[in-house]
Amino acid sequence: MPSDITAAAAGTWKLGDLTVNRMGFGAMRITANPDRSVAIRVLRRAVELGVNHLDTAAFYATPGGTPGISDEGPTRYANELIREALAPYPEDLVITTKVGPGVNPERGFYNATTAAELRTQVEENLRQLGRDHLDVVNLRVMDGSGSIAERFGWLAELRDAGLIRHLGISNVRPDHLDEAEPIAPLVCVQNSYSLDTHRSDDTFLRTCADRGIAYVPFFAIAGASGGRGAMPASSAAVQALAAAHNATTQQIRLAWTLHQSPNVLAIPGTGNPAHLDENIAAGALTLTPEELATLT
Ligand SMILES: NC(=O)c1ccc[n+]([C@@H]2O[C@H](COP(=O)([O-])OP(=O)(O)OC[C@H]3O[C@@H](n4cnc5c(N)ncnc54)[C@H](OP(=O)(O)O)[C@@H]3O)[C@@H](O)[C@H]2O)c1
């Protein structure tokens, strides 16, 4: 595939009043390498390649996710790497973060369940990123069974106060969207989804499209491997399409998500500069209806 492809190749989408290229970048993997300069290089290259939608979280931190110093050196925070690499931020850069899960030295990993805890997490993102407001904040739901109305309402108050520009929800079902929409406008839903996982969201992503809301899949490459990383093996159909397009299986997985609907935004995560280039290039892949049918 040509190497001059940019993140604009797959077109754009509007998160409220903010226009982003549909091919974005997920920052969860950039803390993996103890050499900070690699993460800095990946982030700067992403922006150079036209990425203007970055997904992050204050709790994306390594080692161990818990702040402190280990044998591996001081904790690396995705947000601080983003700030070091990209501030002063390009005008068109949209940084999406998430609250709900958090880490702190006293409690380790915890789930925010009060207005004060959510506000603390929003302020932590502001501080780490060095911004006076957050472009997009997802309420990342950890306990899927209950109501999200109260927590979403508290975030809506922070939006009204000017700390947040737009809201979204993550790890949610359609009834959560129905519950949140009357409280405040939403610009995105971020769920785990790929060509071979969570296909129950096939209809949900179209519901989002009908309502003008972006659907942002995570683990599009990782699939069932989730946090462990890229899928170790691919189906024969994915391999065949990869061979036909002179592409990698990971590129086919990414391209498949973008072909599901114009409101799907990709946020592939990598700490590897070569993988970054490949992922951006996947936005230029065109799969025919017949090819897509072989994957379903
Ligand atoms: N809302 C939520 O609850 C939630 C949960 C998880 C993640 N997220 C967000 O979604 C983003 C995407 O998820 P993710 O990063 O976990 O998973 P992913 O993008 O599906 O896959 C990332 C994994 O695949 C590897 N990879 C990436 N590009 C590759 C390529 N071209 N060829 C081969 N391997 C490749 C990465 O390793 P290398 O680093 O070695 O490339 C990493 O192990 C995250 O970065 C994060 O911003 C959100």
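The structure this text deals with has already been given above.
Residues numbered from 1 in each chain as written. Predicted model: local features only at pLDDT ≥ 70, side-chain atom pairs only at ≥ 80, totals over all residues. Heavy atoms only, no water.

### Comments concerning the nonpolar core
Now for step 1: In terms of nonpolar packing, the biggest core is built from 81 residues, with Ile-30, Ile-82, Leu-155 and Ile-169 touching the most fellow members.
Now for step 2: Tallying contributions element by element places helix 1 (residues 36–48) first for this core, with 6 residues.
Now for step 3: Discounting chain neighbours no more than four positions away, the residues touching Leu-155 are Val-99, Leu-118, Val-122, Val-137, Leu-139, Ile-164 and Leu-167.
Now for step 4: Residues Trp-13, Val-20, Val-187 and Cys-188 belong to the second largest nonpolar core, which totals 13 residues. (Core = buried A, V, L, I, M, F, W, Y, C linked by side-chain atoms within 4.5 Å. Buried < 20%, exposed > 50% of the residue type's maximum accessible area, 1.4 Å probe, protein only. Helix = DSSP H or I, 4+ residues; strand = E, 2+ residues; numbered from the N terminus. Contact = heavy atoms within 4.5 Å.)

### Looking at the sheet that holds strand 13 (residues 164–170)
Sheets are built from strands that pair by backbone hydrogen bonding, the pairs being arranged parallel or antiparallel.
Now for step 1: Across the sheet, which stays open at both edges, the 7 strands sit in the order 3-4-9-12-13-14-15 with parallel pairing between neighbours. Because the sheet does not close on itself, it has two edges, and the strands there are strand 3 (25–26) and strand 15 (214–218).
Now for step 2: Bridge count between strand 3 and strand 4 (residues 53–55): 2 bridges; the pairing is parallel. Following the sheet pairing, Gly-26 is matched in strand 4 by Asp-55.
Now for step 3: Against the sheet, helix 3 (residues 115–129) makes contact with strand 9 (94–99), strand 12 (134–140) and strand 13, and its axis sits at roughly 145° relative to strand 9, the strand it touches most.
Now for step 4: Running at roughly 165° to strand 13, helix 4 (residues 149–160) makes contact with strand 9, strand 12, strand 13 and strand 14 (186–192) of the sheet. (Pairing = 2+ DSSP bridges. Axes fitted to C-alpha atoms, helices over the stretch in contact; angles between N-to-C directions.)

### A short note on the site of the ligand
Now for step 1: As a matter of local geometry, the ligand sits amid 27 residues, with Arg-29, Asp-55, Arg-140, Thr-270 and His-275 nearest to it.
Now for step 2: Separating an oxygen atom of the ligand from a backbone N or O atom of Ala-27 is a distance of 3.5 Å.
Now for step 3: With respect to the ligand, the side chain of Asn-279 contributes an N or O atom lying 2.8 Å from a nitrogen atom.
Now for step 4: Alone, the ligand offers 900 Å² of accessible surface; in the complex the protein occludes 89% of this.
Now for step 5: Of the pockets mapped on this structure, the ligand occupies the largest pocket. (Near = heavy atom within 4 Å. Polar contact = N/O pair within 3.5 Å; in protein donor to acceptor, adjacent residues only side chain to side chain. Areas by Shrake-Rupley, 256 points an atom, 1.4 Å probe, with all protein chains shown as cover. 1 Å grid on protein atoms, 1.4 Å probe; cavity = no way out; pocket = protein on both sides within 12 Å on 5 of 7 lines; lining within 4 Å. Sits in = over half its atoms within 2 Å of the grid points.)

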